Amino acid sequence: MTARNIRVSSILAASVMAATLLAAGCASESHSAKKKTDASNYNMQLGISYLNQGDLPLAKQKLDRALKENPEDPNVHSAMAMLEDRLGHPDKADAQFKAALGEARDNPDIQNNYAVYLCRTGRTDEGVKYFEMAAHNALYRTPEVAQTNAGVCLRSAKRDTQAAMSFQRALQIKPNFAEAAYQLADLDLQQGNVQEARAEVDRYVSAFSATPDLLLIGVRISIAQGDRMGEEKFARQLRLDYPASEQARALANLSHNPG
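In this text, all values refer to a predicted model and were calculated from it rather than measured experimentally.

Calculation rules
- Residues numbered from 1 in each chain as written.
- Predicted model: local features only at pLDDT ≥ 70, side-chain atom pairs only at ≥ 80, totals over all residues.
- Heavy atoms only, no water.
- Disulfide = S-S within 2.5 Å.
- Helix = DSSP H or I, 4+ residues; strand = E, 2+ residues; numbered from the N terminus.
- Buried < 20%, exposed > 50% of the residue type's maximum accessible area, 1.4 Å probe, protein only.
- Core = buried A, V, L, I, M, F, W, Y, C linked by side-chain atoms within 4.5 Å.
- Contact = heavy atoms within 4.5 Å.
- Phe/Tyr/Trp six-rings, centres within 6.5 Å; stacked < 30°, edge-to-face > 60°.
- Lys NZ or Arg CZ within 6 Å of the ring centre and 35° of its normal.
- 1 Å grid on protein atoms, 1.4 Å probe; cavity = no way out; pocket = protein on both sides within 12 Å on 5 of 7 lines; lining within 4 Å.
- Points joined across faces, edges and corners; volume = space filled by probe spheres on them.
- Nonpolar A, V, L, I, M, F, W, Y, C, P; charged D, E, K, R; others polar.
- Expected span 1.5 Å × (residues − 1).
- Arc of directions from axis to C-beta.

Draft legend 1. Just the state of the cysteines, in detail. Scanning all chains against the criterion turns up one disulfide. Residue C119 pairs covalently with C153 via a disulfide, S to S 2.0 Å. Every disulfide takes its handedness from the sign of the S-S torsion; for C119 and C153 that torsion is -95°, giving left-handed. Of the two residues, C119 is situated in helix α5 (residues 108–120) and C153 in helix α7 (residues 143–156); the sequence distance between them amounts to 34 residues. Exposure remark for C119: the relative accessible area of 14% places this residue in the buried category.

As structure tokens, then:
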């Protein structure tokens with residue numbers, strides 16, 4: 001082997017060693033980052049669990065820790081927003097939702113959660129906007145839910161025509177989405193459009209498995225129509241299919257008054 005070959009081999013060996021050291025450093029940093037992410041996720045899940053249980057102090061403790069461990073995680077910010085909302089801090093809740101969207105503008109779950117918050121706080125137009133964004137997001141697996149939520153938001157603001165359109169869009173996306181069918185039938189009944197309400201319930205029940213809500217509203221619609229056979233049909237199915245349900249228990253106190 002010549003002197004030149006020895007020199008080249010030595011340089012290559014040094015380069016390989018440097019690359020190995022660099023890779024080891026990256027692996028160490030990656031491992032450390034993964035540990036922080038895992039810890040943040042764990043604390044976030046605990047925080048959400050405590051939030052659902054109503055233990056707000058423990059929820060805050062865990063979510064504060066999760067945020068410290070991973071301040072760029074949009075899901076942690078979204079969970080923190082829901083906590084701040086429960087704590088009665090609307091400005092902080094709004095800031096946390098915006099921080100979450102700042103980290104993940106196109107996350108449809110965060111869009112939907114923010115929309116729920118906006119609608120509940122009376123910001124209907126903003127809420128519907130975010131529901132629509134979620135519904136049209138290709139990454140969102142349940143656009144029918146976002147459309148139905150938009151309809152409920154609009155209905156609470158007495159914007160019934162727009163609400164009905166949202167429920168209809170939800171059913172175009174998923175014809176067997178029971179909540180949208182129920183909301184549309186309930187809205188029609190409330191407006192006195194009894195025939196339309198009955199048609200919606202009949203359409204659903206003839207094609208899909210009816211929910212307790214749809215069967216109960218079927219009873220109410222039949223009462224409004226003076227249709228005793230229809231009333232008994234829906235009531236019987238409700239008692240047979242969902243005997244322990246709240247809706248079945250409600251039959252005993254249901255007067256012949258659709259309201």
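And the narrative resumes.
Draft legend 2. Quick peek at unusual backbone geometry. The backbone of K158 sits at a positive phi, close to 65°, despite the residue not being glycine. Within the secondary structure, K158 is located in the loop between α7 and α8 (160–173).

Draft legend 3. Spatial organisation of the environment of A95. Mapped onto the elements of the fold, A95 is located in helix α4 (residues 90–103). With relative accessibility at 46%, the residue A95 sits in the partly exposed group. Here the alpha-carbon distance between A95 and A81, two residues 14 residues apart in the chain, equals 7.6 Å.

Draft legend 4. The arrangement of the nonpolar core in detail. Of all hydrophobic cores here, the largest spans 48 residues; its most connected members are Y114, V201, L214, I217 and I221. Top element by residues in this core is helix α9 (residues 178–190). It accounts for eight residues. Beyond its immediate sequence surroundings of up to four residues, Y114 is in contact with D94, F97, K98, L101, R123 and Y130. Judged by nonpolar contacts, the second largest core, of 11 residues, contains L51, A66, V76 and L83.

Draft legend 5. Geometry of the packing of aromatic side chains. In the structure shown here, the tally under the stated rule is five aromatic pairs. Judged by centre distance (5.1 Å) and plane angle (55°), the rings of Y204 and F208 are tilted. The buried category is assigned to Y204, whose relative accessible area is 3%. For F208, a relative accessible area of 28% gives the class partly exposed. Between the NZ or CZ atom of K233 and the centre of the ring of F234, over which it lies, the distance is 4.5 Å.

Draft legend 6. Highlighting the layout of surface pockets. Taken as a whole, the largest pocket spans an internal volume of roughly 170 Å³. Lining the largest pocket are L51, N52, M82, D85, R86, F97, N113, V116, Y117 and R120. Taken together, the elements giving at least two residues each to the lining of the largest pocket come down to α1 (3–53), α3 (74–86) and α5. Looking at the lining of the largest pocket, the element that brings in the most residues is α5, giving four residues. Broken down by class, the residue content of the lining of the largest pocket amounts to five nonpolar, two polar and three charged.

Draft legend 7. A look at helix α6 (residues 124–135). Across its 12 residues, α6 extends 16 Å between first and last C-alpha, which sits within 8% of the 16 Å expected from 1.5 Å per residue. Among all positions of α6, only T124, G127, V128, Y130, F131, A134 and A135 are buried. Each buried residue of α6 lies within a common arc of 165° when the element is viewed along its axis, so the set occupies one face. Summarising the contacts, the buried residues of α6 are in contact with α4, α5 and α7.

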